[in-house]
Structures are given as structure tokens and as C-alpha cells.
Amino acid sequence: MSDDQELTGPVARTRRALLTGAGAVGAAVVLAACGSDDSGDGAAPTSGGPAVPSTGDAGGGDREGAQSLARTADIPVGGGAVFAAQGVVITQPTAGEFKAFDPICTHQGCPVSNVDGGTINCTCHFSKFSIEDGSVKGGPAKKPLAPKNIKVTGDRISLA
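Residues numbered from 1 in each chain as written. Predicted model: local features only at pLDDT ≥ 70, side-chain atom pairs only at ≥ 80, totals over all residues. Heavy atoms only, no water.

Caption draft 1: Quick look at the environment of Phe126. Structurally, the position occupied by Phe126 is in the loop between strand 6 (119-121) and strand 7 (128-130). Sequence-wise, Phe126 and Pro140 are 14 residues apart; in three dimensions their C-alpha atoms are separated by 7.4 Å. Excluding anything up to four places from it in sequence, Phe126 contacts Gly138, Gly139 and Pro140. (Helix = DSSP H or I, 4+ residues; strand = E, 2+ residues; numbered from the N terminus. Contact = heavy atoms within 4.5 Å.)

Take a look at the structure:
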């Protein structure tokens, strides 16, 4: 069908009905937004949502928990975990000792993929790094992973 042909029949009516209905819904939304809910009692209007207390955590949650990357129990002794979205690898070389490193391989910039067998592993070119200090355990990488600062508070691990 060319641009200058006119739609007729059931197809045209269906499209017209759809467009008319969409326009009516849009108009109703605009009019509802402009309406007034003035009760005349002089009270300030509210959003209709729950009241937020003036003290405490306005987010309503556990701030420390929300900022933590993991629980200490999530990081196995002699292993670790990659938190790519947060830009960190956390390891536990010995019980209770937690270390953190940049998750980008120093060989060609691939993200490391896992922690296994006592090493942080990059599967792009098979470089391996120590879970203790980020040093190279197997090439082609020549430089260690950069350390990162973390803090352990109770059973939570977060970036420092």
C-alpha cells in the first residue's frame, strides 16, 4: 500500500478506535492531574504515601547491610568471589583474613571470571593471580592485580 492510499473498512475503524481510546485515556490522566482535592480544612496536601519519620533511616532499611557486598560466610576459606558489578574480587586466604583486588586482568583488560584452586582466574588468556596478594601465579599477565580496600564489620564485607 502506498502512502497516498486511504485506509477503509474494518482495519481503518480498528485503528481509529485504538487512537481515539488512547487519546481519551491521555486526556483523563491530564485532567485528573489538574484536579483539586482541597478538603477545605487548611491542611497541607500529602503525596498519599506512607509518612516518613523525621528520625532514623529514611530509607526504611538496614543501611549497613544495603551497602555491604557480601557476608563473611559467602567467601570460602582458600577461595573467594568476583563482584564484577561492584568492581572487586574478595578472597579469604586463611580463616578470618579477607583481601580484595581489582577484577580486571592486567594482561589485556579482561574481567577475571572466578576464584578457584587458590587463584583468581582470567579465562580470556588463562592468567592466574594469588588470592593472598594478587601476584601473578601463571601468565601471560606480568603485573599483579591491584589491591582494593574493604572493611569487615561483624559478618558484613563492604568497600572501604
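There's more to say after this.
Caption draft 2: Here's a closer look at the nonpolar core. Counting residues in each nonpolar core, the largest one holds 12 residues, listed as Val89, Phe101, Cys105, Cys110, Val112, Val115, Ile120, Cys122, Phe129, Ile131, Ala141 and Leu145. In contact with Cys122, other than residues within four places in its own chain, are Cys105, Cys110, Pro111, Val112, Ser113 and Ser127. With 11 residues, the next largest nonpolar core counts Ile75, Phe83, Ile90 and Ala100 among its residues. (Core = buried A, V, L, I, M, F, W, Y, C linked by side-chain atoms within 4.5 Å. Buried < 20%, exposed > 50% of the residue type's maximum accessible area, 1.4 Å probe, protein only.)

Caption draft 3: View of the sheet that holds strand 2 (residues 79-83). Strand order in the open sheet formed by three strands is 2-3-4, and the pairing between neighbours is antiparallel. Looking at strand neighbours, the two that pair on one side only are strand 2 and strand 4 (97-101), the edges of this open sheet. Pairwise comparison of adjacent strand axes, ignoring direction, gives a mean angle of 20° for this sheet. Bridging between strand 3 (residues 88-94) and strand 4 involves four bridges; their strand directions are antiparallel. Each bridged residue has a counterpart across the sheet, and for Thr91 the counterpart in strand 4 is Lys99. (Pairing = 2+ DSSP bridges. Axes fitted to C-alpha atoms, helices over the stretch in contact; angles between N-to-C directions.)

Caption draft 4: Looking closely at the state of the cysteines. Tallied over the entire structure, the rule returns one disulfide. Unpaired in terms of disulfides, Cys105 finds its nearest cysteine sulfur in Cys122, a separation of 3.9 Å. Classification of Cys105 as buried rests on a relative accessible area of 4%. Look at Cys122 and you get buried, because its relative accessible area is 3%. (Disulfide = S-S within 2.5 Å.)

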